[in-house]
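# Report on the structure
What follows is the residue order along each chain.
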Amino acid sequence: MDKTVVAVLFGGRSSEHSISSATAGGVLRAIDRERFDVLPIGITRDGAFVLEDDDPDKFALDPGHLPEVVDNGTRILWPDSATTRELRVSDADGIRSLGEIDVVFPILHGRFGEDGTVQGFLELLDLPYVGAGLLMSAIGMDKHTTKQVLKAAGVPVVPWVTLTRRDLDRDRAFAERRVRSLGLPVFVKPARAGSSVGVSKVSEWDDLDAALDVAFAEDGTVLVEQAVSGREVECGVLQGRGGAAPRVSVAGEIVITGRDFYDFEAKYLGAPGIDLVCPADLGAGELAEMQRIAARAFEAVGGQGLSRVDFFFTGTEFFVNEVNTMPGFTPISMFPTCWIASGMSYPALITELIELARED
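These figures come from a predicted structure and were not determined experimentally.

### With respect to the overall build of the protein
Check the secondary structure of the protein and you find 11 helices and 16 strands. The C-alpha radius of gyration computed for the protein amounts to 20 Å, which stays within 12% of the reference 21 Å derived for 360 residues, consistent with globular compactness. Of all 360 residues assigned to the protein, the portion counted as buried reaches 54%. Across the protein, every contact between residues at least 6 apart in sequence was considered, and the portion connecting residues at least 24 apart equals 64%. About 15,200 Å² of surface is accessible on the protein, with carbon and sulfur atoms providing 48% of the total.

Here is the structure:
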């Protein structure tokens, strides 16, 4: 039987370039080579598509090494119409064919990849791809839009205020009154960034301006969210096969023991002060309610591919914090951990995502 050819797309122009590369390393290591031939395609920070090495170790993530796609002089030449799926590469020796691909696995985090841009590009070429479609990706990337959609669907979300530089310039006093109405502490986040990049916890109003500057460095729109006193729990969601209901994993919990919040260093570099517990200690009824809300949130934003739904649990209520349409796949990431705890191995999870893409 012929193997399915998977183009793994990673890197990209966003501030999450290294996280995308590390996630790709995890997928390259775990993908079932008996079933899939892999074509690794890196996107440099400048946006060049290059033919990368099929070497998981090259993209390992540790405190002393943030993996990166560098410009090696090659250029991927995408199909020139929707009538072919042939990829070619240009290098110092000329142009050669890489053969036809069956599916693209865009492991891209952040802007210019997770936000619908690459999805739209692949739609134009009629290339099947893993994960959320154009609209769901765009909604999921923008925290303000996600919250609006979830709230309209009856999904409980944390109170928030959205700000732009223009809002502050036009009437700073009014903007600050809106923010202060949330009470302390608050979290300040870029609207369109992930992996906790640009996120700050503000416990004193004197620190608000500095937090806004950090967030505005990532995006022109910023969210200020009310801090919820409760447990941080997450679960993975997969699209159902053949139009069936979404499938939801068991819950994992982020237990903060010595940090302000689950920041970049804790998520990806194994920094101390955070314990990841999976499965989380929830009662059967609590887990069922969390899974119900997760499925509802997933379907509200589009219901395609996969997502990780993040919650705050007060002990009586679940509030959706975020819906991440391309969660991390690094060895310590919560999404694969939750599915492994639910009985699906890492390689089987990757296979399922590819088969879902081909089914659509």
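After that view, the rundown keeps rolling.
### As for the nonpolar core
Inside soluble globular proteins, nonpolar side chains tend to come together where they are buried. Core analysis: the largest hydrophobic core is formed by 31 residues, its most contacted members being V8, F105, L238, F329, I350 and I354. Sorting elements by how many residues they give to this core places helix 11 (residues 346-359) first, with 6 residues. Not counting residues up to four positions away in its chain, the partners in contact with I354 are V6, I31, F36, V103, F105 and V130. One finds V157, V233, A251 and F313 within the second-largest nonpolar core, a separate group that totals 29 residues.

### Digging into the pairing of strand 7 (residues 103-107)
On a regular strand, each side chain points to the face opposite its neighbour's, so the side chains alternate between the two faces of the sheet. In terms of burial, strand 7 is a largely internal element, 5 of the 5 residues being buried. Burial of strand 7 is two-sided: the residues V103, F105 and I107 facing one way and the residues V104 and P106 facing the other way are all buried. Both strand 1 (residues 4-11) and strand 7 contribute to a ladder of 5 bridges, which runs parallel. The partner of A7 across the bridge, within strand 7, is V104.

### Quick notes on the pattern of salt bridges
In total, this model carries 26 salt bridges according to the counting rule given. Residue E352 is joined to R241 by a salt bridge in which the shortest nitrogen-to-oxygen separation is 2.9 Å. Note that E352 is positioned in helix 11 and R241 in the loop between strand 12 (231-238) and strand 13 (247-256), a separation of 111 residues in sequence. Taking relative accessible area as the criterion, R241 reaches 33% and is therefore assigned partly exposed. Here R241 makes a salt bridge to E359, at a shortest N to O gap of 3.9 Å. Of this pair, R241 sits in the loop between strand 12 and strand 13 while E359 sits in helix 11, placing them 118 residues apart in sequence.

### Focus: the sheet that holds strand 6 (residues 94-100)
Strand-to-strand pairing in sheets goes through backbone hydrogen bonds, with the strands running parallel or antiparallel. The 3 strands are arranged 4-5-6 in an open sheet whose pairing can be described as antiparallel. The strands lining the two open edges of the sheet, one partner per strand, are strand 4 (75-77) and strand 6. Here the strands of the sheet are splayed against their neighbours by 30 degrees on average, with no regard to which way each runs. By the bridge criterion, 6 bridges tie strand 5 (residues 86-91) to strand 6 in an arrangement that is antiparallel. Across the sheet, R88 pairs through a bridge with S97, a residue of strand 6.

About the criteria used
- Residues numbered from 1 in each chain as written.
- Predicted model: local features only at pLDDT ≥ 70, side-chain atom pairs only at ≥ 80, totals over all residues.
- Heavy atoms only, no water.
- Helix = DSSP H or I, 4+ residues; strand = E, 2+ residues; numbered from the N terminus.
- Rg over C-alpha atoms; globule rule 2.2 N^0.38 Å.
- Buried < 20%, exposed > 50% of the residue type's maximum accessible area, 1.4 Å probe, protein only.
- Contact = heavy atoms within 4.5 Å.
- Areas by Shrake-Rupley, 256 points an atom, 1.4 Å probe, with all protein chains shown as cover.
- Core = buried A, V, L, I, M, F, W, Y, C linked by side-chain atoms within 4.5 Å.
- Pairing = 2+ DSSP bridges.
- Salt bridge = Lys/Arg side-chain N within 4 Å of Asp/Glu carboxyl O.
- Axes fitted to C-alpha atoms, helices over the stretch in contact; angles between N-to-C directions.

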